[in-house]
Amino acid sequence: MRLIVDQLSKCKIVGNLTESSTPISTSTPATACLIRISKNFEHFADDIIADLGATLTKRLGQEYFLLKCHNPNTITNSDAARYIRWNLVMDHAWPCRPEKMKDFIEKAAQALFQKFGGCNLQGVFIGVLEASSTHNPYKSLASNLRGRTLQLFTDELAAFKEVEEQEVRSPSLFCLVGKEGLYCGIRSPLQANGFYPGGTKFISQKAPHTISRAGAKIAEALHYLKLHQPLPVEGSHWLELGACPGGMTSELLERGYRVTAIDRAPLDERLKGRKGLSFKKADVARYNPVLQTQFDSLLCDMNGDVQVSLKQVIRLSENLLPGGLILFTLKTHGATTFKECNSLYHEAIKSANAGGLEQIACTHLTYNRHEFTLFLKKTK
Ligand SMILES: C[S@@+](CC[C@H](N)C(=O)[O-])C[C@H]1O[C@@H](n2cnc3c(N)ncnc32)[C@H](O)[C@@H]1O
């Protein structure tokens, strides 16, 4: 068995679990890192890699880029970070053809145990490099490899944590397998930017409560939020701007939230009479909540100019409780270059801060297209 990346002493985690502000000189030896960039932003891949000060080693699957990186902290702390769905610093890579190999699962599981046994991990999670294809034979391979690896780690892991039970700041072993081989690293979910290997949580978009594609966006956004803070409690009251046809509204109602939804277009008929829903057919700019109404959270998925939408969000955040959560879809239409997209974001943050809103996170989710999901909170 030949390993191309095995550059670390056993259990050493690359980068602190908290961010380091220490400048790293270009003479620092390069670290192998795997980043995932969605097809939506693939045309910015060269800019993203340059922004990280990294060089491309090779592409893996449809969306993964194996890099040589001098400062892995830039992956979570740079303009490029918003475009990187998920990342892993490579502690162990085995380029091979798993499907052609006799006893791949046993050999790979033994190698993982030998390398990572005794590393005080909270869990082992194995996904696939080619996440988007539906009939992917590597899905069962990943699941069988995880099963065998967990058997070997039985005495190591205090309890078998399922993926959503992970502590966000504790180290997990994440692995990705595909026709190009096996790629693994120790990362906390917060560092990797997601609980799942590869960062994608599959969200079923089947009826009855799925009304539009946007429903998956809010479902994934609420899941992602758990990396940063607890979800709003059941019964919380959301103000939703630009709600039509109502995919997001439906998801919020499904979770036991109350929703006041505003749109100049009508909501889907299927939402009629849904418990907890109040709908106002109006232009958001003309909408004024009943005096003293206090919302817990605000959601804005309005199309149109970002600054125009943000202006309404800031105005209506007057009716948000202190510390209230704001989810804002930052649409990048009209910004064609990496630089323009970044300016759009920085201008948005400037306006939000001036309006008393502070960023919690900003990322590109699986169900986002040419847009980011921006998580803000009201500072007072
Ligand atoms: C992308 S769609 C929203 C999809 C929705 N989140 C869902 O889950 O189905 C954008 C919506 O914003 C609404 N919109 C844009 N500007 C608006 C404004 N000034 N006032 C009211 N609605 C607006 C549009 O009518 C449109 O329905």
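Residues numbered from 1 in each chain as written. Predicted model: local features only at pLDDT ≥ 70, side-chain atom pairs only at ≥ 80, totals over all residues. Heavy atoms only, no water.

J.: So what exactly am I meant to see when it comes to the overall build of the protein here?
T.: When you go through the protein residue by residue, the secondary structure sums to 8 helices and 15 strands. Taking 21 Å as the expected radius of gyration for a compact globule of 380 residues, we find that the protein reaches 22 Å, a close match to that expectation. Overall size of the protein, expressed as C-alpha extent along the three principal axes, is 70 × 45 × 35 Å. A buried classification covers 53% of the 380 residues belonging to the protein. At a minimum sequence separation of 6, the contacts of the protein that also span at least 24 residues come to 67%. When the accessible surface of the protein is split by element, carbon and sulfur atoms take 52% of a total near 17,300 Å². Computed over 46 positive and 37 negative side-chain charges, the separation of the two mean positions in the protein equals 1 Å. (Helix = DSSP H or I, 4+ residues; strand = E, 2+ residues; numbered from the N terminus. Rg over C-alpha atoms; globule rule 2.2 N^0.38 Å. Buried < 20%, exposed > 50% of the residue type's maximum accessible area, 1.4 Å probe, protein only. Contact = heavy atoms within 4.5 Å. Areas by Shrake-Rupley, 256 points an atom, 1.4 Å probe, with all protein chains shown as cover. Lys, Arg positive; Asp, Glu negative; His and termini not counted. Charge placed at Lys NZ, Arg CZ, Asp CG, Glu CD.)

J.: In this structure, what is going on with the environment of Phe41? I would like to understand it.
T.: Mapped onto the elements of the fold, Phe41 is located in the loop between strand S1 (31-37) and helix H1 (45-51). Considering only alpha carbons, one finds Phe41 and Tyr83, 42 residues apart in sequence, at a separation of 7.0 Å. If we ignore the near neighbours within four places in the chain, the residues touching Phe41 are Ile48, Tyr83, Thr332, His364, Arg369, His370, Glu371 and Phe372.

J.: What is the right way to read the site of the ligand from this model?
T.: Taken together, 18 residues lie near the ligand, and Ser212, Met248, Asp263, Val284 and Asp301 sit nearest. A distance of 2.9 Å separates an oxygen atom of the ligand from a polar side-chain atom of Ser212. Taking Cys244, its main chain carries an N or O atom lying 3.3 Å from an oxygen atom of the ligand. Coverage of the ligand by the protein amounts to 85% of the 600 Å² it exposes when considered alone. For the shell around the ligand, the residue count by class is 8 nonpolar, 5 polar and 5 charged. (Near = heavy atom within 4 Å. Polar contact = N/O pair within 3.5 Å; in protein donor to acceptor, adjacent residues only side chain to side chain. Nonpolar A, V, L, I, M, F, W, Y, C, P; charged D, E, K, R; others polar.)

J.: So what exactly am I meant to see when it comes to the sheet that holds strand S5 (residues 92-95) here?
T.: Two orientations exist for strands paired in a sheet by backbone hydrogen bonds: parallel and antiparallel. Spatially, the 4 strands line up as an open sheet ordered S5-S8-S7-S6, and their pairing is mixed. Only two strands of the sheet have a single partner each, and these edge strands are S5 and strand S6 (124-128). Adjacent strand axes in the sheet meet at a mean angle of 15 degrees, parallel and antiparallel pairs treated alike. On the sheet, helix H2 (residues 104-116) packs against S5, S6, strand S7 (172-178) and strand S8 (181-187) and is oriented at approximately 160 degrees with respect to S5. Helix H3 (residues 137-152) rests against S6, S7 and S8 of the sheet, and its axis sits at about 165 degrees to S6. (Pairing = 2+ DSSP bridges. Axes fitted to C-alpha atoms, helices over the stretch in contact; angles between N-to-C directions.)

J.: Teacher, can you tell me more about the sheet that holds strand S12 (residues 295-300) here?
T.: Spatially, 7 strands are ordered S11-S10-S9-S12-S13-S15-S14 in an open sheet, and the strand pairing comes out mixed. Strands with a single pairing partner mark the edges of an open sheet, and in this sheet they are strand S11 (277-281) and strand S14 (357-363). Strand-to-strand, the axes of this sheet are offset by a mean angle of 15 degrees, without reference to chain direction. With 5 bridges connecting them, S12 and strand S13 (residues 320-331) associate as parallel partners. Of the residues in S13, the one forming a bridge with Phe295 is Leu320. Where helix H7 (residues 306-316) meets the sheet, it contacts strand S9 (237-241), S12, S13 and S14, and its direction lies at approximately 170 degrees from that of S13.

J.: Honestly, H2 in this entry has me stumped. Any pointers?
T.: The end-to-end C-alpha distance of H2 is 18 Å, a good match for the 18 Å that 13 residues give at a rise of 1.5 Å each. Residues Phe104, Ala108, Ala109, Ala111, Leu112, Lys115 and Phe116 constitute the buried set of H2. One side of H2 carries all its buried residues, which in axial view fall inside an arc of 160 degrees. Packing partners of the buried residues in H2 comprise S5, S6, H3, S7 and S8. In the segment just after H2, Gly118 is the residue with positive phi, at about 80 degrees. (Expected span 1.5 Å × (residues − 1). Arc of directions from axis to C-beta.)

J.: Could you clarify how one ought to interpret the packing of H7 against helix H8 (residues 338-354) in this entry?
T.: In a pair of packed helices, the angle between the axes and the distance between the axes together describe the arrangement. Contact geometry for H7 and H8: axes closest at 10 Å, N-to-C directions at 20 degrees. If you check the angle between H7 and H8, you find them roughly parallel. Judged by the sense of rotation from one axis to the other, the crossing of H7 with H8 is right-handed. For the pair H7 and H8, contact is made by Val306, Gln307, Leu310 and Ile314 and by Leu344, Glu347, Ala348, Ser351 and Ala352, respectively. The residue inventory of the contact of H7 with H8, partitioned by class, reads 6 nonpolar, 2 polar and 1 charged. (Parallel < 35°, antiparallel > 145°, perpendicular 65-115°, else oblique. Left-handed = near helix turned anticlockwise from the far one by under 90°.)

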